[in-house]
Amino acid sequence: MKYFRRQLRKNSTPAECTLWKLLKGKHIDGMSFRRQYSVDRYIIDFYCPQLKLGIELDGDYHYYGGAKENDIDREKFLLQYYGINIIRFENKVVFEQPQSIVNKIIEIKNKR
């Protein structure tokens, strides 16, 4: 998994690179995030250990074939066995409304 995570980081999508600039360095309320974080057999795009929150960015491929169903199964597994909640955003939200992602993370933090 370590090699695969490293490859994912090296070949990040433009949306992942842009969101990482917002998340890294504890810029959002002092919370730390990890990029391409593995849990069991899954890799989460971004993970905040303080909130047990995963953030997934969905490109076009998430809407074809069985990808949507796989995403649902994965989210159920991560919540049930690891207590990790996943929030999803379309790639375009990163570019068009990045503050909405930040606001959602802060909202989740404030609910805890």
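Residues numbered from 1 in each chain as written. Predicted model: local features only at pLDDT ≥ 70, side-chain atom pairs only at ≥ 80, totals over all residues. Heavy atoms only, no water.

Draft legend 1. Local environment of the overall build of the protein chain. Per the secondary structure count, the protein chain includes five helices and four strands. For the protein chain, the N- to C-terminal ordering of α and β elements is α-α-β-β-β-α-β-α-α. Radius of gyration (C-alpha) of the protein chain: 13 Å, near the 13 Å computed for a compact globule of 112 residues. Once the C-alpha set of the protein chain is aligned to its principal axes, its extents read approximately 35 × 30 × 25 Å. Here the protein chain, with 112 residues, has 38% of them falling under the buried criterion. If you take every contact in the protein chain between residues at least 6 apart in sequence, the share linking residues at least 24 apart comes to 58%. When the accessible surface of the protein chain is split by element, carbon and sulfur atoms take 50% of a total near 6900 Å². One way to put it: in the protein chain the 21 positive side-chain charges average out to a point 10 Å from where the 14 negative ones average out. (Helix = DSSP H or I, 4+ residues; strand = E, 2+ residues; numbered from the N terminus. Rg over C-alpha atoms; globule rule 2.2 N^0.38 Å. Buried < 20%, exposed > 50% of the residue type's maximum accessible area, 1.4 Å probe, protein only. Contact = heavy atoms within 4.5 Å. Areas by Shrake-Rupley, 256 points an atom, 1.4 Å probe, with all protein chains shown as cover. Lys, Arg positive; Asp, Glu negative; His and termini not counted. Charge placed at Lys NZ, Arg CZ, Asp CG, Glu CD.)

Draft legend 2. The environment of Tyr42, seen in detail. The residue Tyr42 is located in strand S2 (residues 42-48) in this model. In contact with Tyr42, not counting residues within four places along its chain, are Met1, Tyr37, Arg74, Phe77 and Leu78.

Draft legend 3. Main features of helix H2 (residues 14-23). Residues of H2 that are buried: Ala15, Glu16, Leu19, Trp20 and Leu23. Projection of H2 onto a plane perpendicular to its axis shows the buried side chains occupying an angular sector of 130°, all on one side. Exposed and facing more than 90 degrees away from the buried side of H2 are Pro14 and Lys21. In this fold, the buried residues of H2 make contact with strand S1 (34-39), S2, strand S3 (53-58), helix H4 (91-96) and helix H5 (98-111). Directly after H2, the chain includes Gly25, whose backbone phi takes a positive value near 75°. (Arc of directions from axis to C-beta.)

Draft legend 4. Quick look at the pattern of salt bridges. The final tally for this structure, using the stated rule, is eight salt bridges. Residue Asp71 pairs with Arg88 through a salt bridge whose shortest N-O separation is 3.0 Å. A residue pair is termed long-range when its members are at least 10 positions apart, and Asp71 in helix H3 (residues 67-82) and Arg88 in strand S4 (residues 85-90) qualify at 17 residues. Connected through shared salt-bridge partners, Asp58, Asp71, Glu75 and Arg88 make up one network. (Salt bridge = Lys/Arg side-chain N within 4 Å of Asp/Glu carboxyl O.)

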